[in-house]
Amino acid sequence: MTDHSAALAAFDAAIAEAKGVEAAFAALQTLTEATVGVKLFTYMTVDMANELARRAYTSDAASYPTSGTKPIHYDAWFDIVHKEHAYFVANTIEDIAKVFPDYELINSLGCQSVVNMPVIIGGELVGTVNMLHETDFYTPERVAEIKAVLSIPAKLAAAVAAR
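Every value quoted in this text rests on a predicted model; they were computed, and no experiment measured them.

Quick word on the packing of helix 1 (residues 5-17) against helix 6 (residues 140-162)
Any two packed helices are characterised by the angle at which their axes cross and by the distance between the axes. Direction vectors running N to C along helix 1 and helix 6 enclose 10°, while the axes themselves pass 11 Å from each other. The orientation of helix 1 relative to helix 6 falls into the category roughly parallel. Across the interface between the two elements, Leu8, Phe11 and Ile15 of helix 1 pack against Val149, Pro153, Leu156, Ala157 and Val160 of helix 6. Considered class by class, the residues forming the contact of helix 1 with helix 6 number 8 nonpolar, no polar and no charged.

Considering the nonpolar core
Counting 32 residues, the largest nonpolar core has Phe25, Leu28, Val129, Met131, Tyr138, Ile146 and Leu150 as the members making the most contacts within it. For this core, the elements supplying multiple residues, two or more each, are helix 1, helix 2 (20-35), strand 1 (40-47), strand 2 (52-58), strand 5 (113-121), strand 6 (124-133) and helix 6. The dominant element in this core, judged by the number of residues it contributes, is helix 6, at 9 residues. Residues in contact with Ile146, not counting those within four places in the same chain, are Val36, Tyr87, Val115, Met117, Met131, Tyr138 and Ser151. Membership of the second largest hydrophobic core comes to 14 residues, among which are Trp77, Phe100, Cys111 and Val114.

Side note on helix 1
The α-helix winds at 3.6 residues per turn, so residues separated by three or four positions along the chain end up facing the same way. Helix length check: helix 1, at 13 residues, gives a terminal C-alpha distance of 19 Å against a target of 18 Å (1.5 Å per residue), a fit within 8%. Residues of helix 1 that are buried: Ala7, Phe11 and Ile15. Seen end-on, helix 1 carries its buried residues on one side only, within an arc spanning 65°. Those residues of helix 1 that are exposed and angled more than 90 degrees off the buried face are Ala6, Ala16 and Glu17. Residues of helix 1 that are buried in the fold lie against helix 2 and helix 6.

Some remarks on the pairing of strand 1
Counting buried residues in strand 1 gives 6 out of 8 residues, a clear majority hidden from the surface. By the bridge criterion, 6 bridges tie strand 1 to strand 6 in an arrangement that is antiparallel. From the neighbouring strand, Met44 faces strand 6, where its bridge partner is Thr128. Of the strand pairs in this sheet, strand 1 and strand 2 are connected by 6 bridges, and their pairing is antiparallel. Bridging across to strand 2, Val46 finds its partner in Ala53.

The rules behind these values
Residues numbered from 1 in each chain as written. Predicted model: local features only at pLDDT ≥ 70, side-chain atom pairs only at ≥ 80, totals over all residues. Heavy atoms only, no water. Axes fitted to C-alpha atoms, helices over the stretch in contact; angles between N-to-C directions. Helix = DSSP H or I, 4+ residues; strand = E, 2+ residues; numbered from the N terminus. Parallel < 35°, antiparallel > 145°, perpendicular 65-115°, else oblique. Contact = heavy atoms within 4.5 Å. Nonpolar A, V, L, I, M, F, W, Y, C, P; charged D, E, K, R; others polar. Core = buried A, V, L, I, M, F, W, Y, C linked by side-chain atoms within 4.5 Å. Buried < 20%, exposed > 50% of the residue type's maximum accessible area, 1.4 Å probe, protein only. Expected span 1.5 Å × (residues − 1). Arc of directions from axis to C-beta. Pairing = 2+ DSSP bridges.

Laid out in structure tokens, this is it:
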């Protein structure tokens, strides 16, 4: 695995100073860009009591604003991310289209692959970190890198954002 100590140290410094959603997830976005690579980065919170997801952070406010909510859909993606607490990975726009109705917008942004990383705190899904890039970008090696490098920082960012 690549040495990410400098990027992790920068994240540690940024998250130590972070207050609120914007600062916490901007720090995580910077870490993601420096370690794995990402074109579009968002964070969605989960409200299972009301069956709603809300975009709490975005790297592209024009295309994916943080306002509003969307209903949670019970589908294959839900089973993978919500029930299994597993990563959802799709590396073509055709596979993205199977689970995301906004696939045309995603494609227009030059993104044809995605990783949705569940953020689990206290055994409960609190949100997802969503990373998108070009076709076939999220190889098994990059997904392993995401799991190894970003899992704990994502939990820290979610905890800071919830304060």
